[in-house]
Amino acid sequence: MSHDHSHEEGSALSDTALRVKALESLLVEKGYVDPAALDQLIDIYENKVGPRNGAAVIARAWVDPEFKVRLLEDATNCIKEFGFEGRQGEHMEVKENTPQIHNMVVCTLCSCYPWPVLGLPPVWYKAAPYRSRAVSEPRAVLGEFGVKLGDDVEVRVWDSTAELRYLILPMRPENTEDLSEEELALLVSRDSMIGTGIALTEAPS
Ligand code: FE
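Residues numbered from 1 in each chain as written. Predicted model: local features only at pLDDT ≥ 70, side-chain atom pairs only at ≥ 80, totals over all residues. Heavy atoms only, no water.

Re the overall build of the protein chain
- Within the protein chain, the secondary structure is distributed over 10 helices and four strands.
- Listing every helix and strand of the protein chain by position from the N terminus yields α-α-α-α-β-β-α-α-α-α-β-β-α-α.
- At 18 Å, the protein chain has a C-alpha radius of gyration in line with the 17 Å of a compact globule built from 205 residues.
- Projected onto its principal axes, the C-alpha coordinates of the protein chain cover approximately 55 × 35 × 30 Å.
- The buried share of the protein chain, taken over its 205 residues, is 38%.
- Of all intrachain contacts in the protein chain linking residues separated by at least 6 positions in sequence, the fraction that spans at least 24 positions is 69%.
- If you sum the accessible surface of the protein chain, you get close to 11400 Å²; carbon and sulfur atoms cover 55% of it.
- When the 20 basic and 34 acidic side-chain charges of the protein chain are each reduced to a single mean position, those positions are 4 Å apart. (Helix = DSSP H or I, 4+ residues; strand = E, 2+ residues; numbered from the N terminus. Rg over C-alpha atoms; globule rule 2.2 N^0.38 Å. Buried < 20%, exposed > 50% of the residue type's maximum accessible area, 1.4 Å probe, protein only. Contact = heavy atoms within 4.5 Å. Areas by Shrake-Rupley, 256 points an atom, 1.4 Å probe, with all protein chains shown as cover. Lys, Arg positive; Asp, Glu negative; His and termini not counted. Charge placed at Lys NZ, Arg CZ, Asp CG, Glu CD.)

Put into structure tokens, the structure is as follows:
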């Protein structure tokens with residue numbers, strides 16, 4: 001089974017990336033855009049706006065067992081119910097983390113990532129070390145992200161492709177019975193949905 005890279009990444013990346021760089025340089029040079037503003041925009045889509053979509057889906061699964069069952073069976077359509085669809089999210093699968101199994105996501109060949117639910121991929125996700133080490137030594141990588149797993153926990157690594165994108169359903173933190181769905185969504189970090197983190201125990205201030 002080959003890793004399908006019919007999208008604009010992999011070997012074609014250099015061409016697109018070069019064009020984007022050239023365009024950015026030109027715009028900056030002409031004074032049309034501020035590079036700091038561009039960085040800020042990317043930061044917003046990478047860390048704030050993008051992952052909030054996925055967090056809403058996860059919080060729903062935490063409070064609604066029937067939805068969770070459906071989400072694990074047919075993620076693409078369940079996510080569509082929220083209005084989250086489009087490029088790089090056409091075929092979604094959700095993997096549930098449990099006390100026995102920890103799932104994490106990588107794209108070994110480039111940076112396939114579920115844009116509609118997570119926004120833009122973080123830089124480390126696209127970097128060669130993560131892409132190779134997530135497969136060769138996932139526990140070490142998880143440790144560096146601060147995720148400590150017992151030896152009895154099985155780690156499963158899912159390799160994203162242009163055909164299929166994954167979203168991790170992290171475990172719901174303890175002592176959150178009194179929280180609303182909206183409050184729960186604040187506990188769902190981006191990394192917990194990639195599998196390189198776990199859900200937060202309190203909302204970030
Ligand atoms: Fe890829």
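There is more to say, and it comes next.
Focus on the coordination of the iron ion
- With distances of 2.2 to 2.3 Å, the protein atoms coordinating the iron ion are Cys107 (SG), Cys110 (SG) and Cys112 (SG).
- The sequence pattern formed by the donor residues of the iron ion is C-x2-C-x1-C. An identical accessibility class is assigned to Cys107 and Cys110; each is buried. (Donors = N, O, S within 2.8 Å, 3.2 Å for Na, K, Ca; no water.)

Some thoughts on unusual backbone geometry
- Located in the positive-phi region is Gln88, a residue other than glycine, with phi close to 70°.
- Its place among the elements puts Gln88 in the loop between helix H4 (75–80) and strand S1 (92–96).
- When its relative accessible area of 5% is taken as the criterion, Gln88 is described as buried.
- Here the phi dihedral of Asn175 falls at roughly 60°; this positive angle occurs in a residue that is not glycine.
- Within the element layout of this structure, Asn175 appears in the loop between strand S4 (165–169) and helix H9 (181–185).
- Owing to a relative accessible area of 68%, Asn175 belongs among the exposed residues under this scheme.

Regarding the packing of helix H2 (residues 35–63) against helix H3 (residues 65–73)
- Remark: H2 packs on H3, axes separated minimally by 5 Å, with the N-to-C direction vectors making an angle of 125°. Compared by their axis directions, H2 and H3 come out oblique. On H3, the residues that touch Val57, Arg60, Ala61 and Val63 of H2 are Pro65, Phe67, Lys68 and Leu71.
- Split into classes, the residues belonging to the contact of H2 with H3 amount to six nonpolar, no polar and two charged. (Axes fitted to C-alpha atoms, helices over the stretch in contact; angles between N-to-C directions. Parallel < 35°, antiparallel > 145°, perpendicular 65-115°, else oblique. Nonpolar A, V, L, I, M, F, W, Y, C, P; charged D, E, K, R; others polar.)

A short note on H2
- An ideal rise of 1.5 Å per residue puts 42 Å on 29 residues; H2 measures up with 42 Å between its terminal C-alpha atoms.
- Buried within H2 are the following residues: Glu46, Gly50, Pro51, Gly54, Ala55, Val57, Ile58, Ala59, Ala61 and Trp62.
- N-capping of H2 is provided by Asp34, with a side-chain oxygen placed 2.9 Å from the backbone N of Ala36. (Expected span 1.5 Å × (residues − 1). Polar contact = N/O pair within 3.5 Å; in protein donor to acceptor, adjacent residues only side chain to side chain.)

Overview of the nonpolar core
- With 41 residues, the main nonpolar core has Leu71, Ile79, Tyr130 and Leu167 as its most contacted residues.
- When residues of this core are assigned to their parent elements, the largest contribution, six residues, is made by H2.
- Once you skip the residues sitting within four places of it in the chain, Leu71 turns out to touch Val57, Ala61, Cys78, Ile79 and Val94. (Core = buried A, V, L, I, M, F, W, Y, C linked by side-chain atoms within 4.5 Å.)

Some details on the layout of surface pockets
- In this model, the second largest pocket occupies a volume close to 300 Å³.
- For the second largest pocket, the lining is made up of 16 residues, of which Met171, Arg172, Pro173, Ile198 and Ala199 are closest to its centre.
- Considering only residue class, the lining of the second largest pocket consists of nine nonpolar, five polar and two charged. (1 Å grid on protein atoms, 1.4 Å probe; cavity = no way out; pocket = protein on both sides within 12 Å on 5 of 7 lines; lining within 4 Å. Points joined across faces, edges and corners; volume = space filled by probe spheres on them.)

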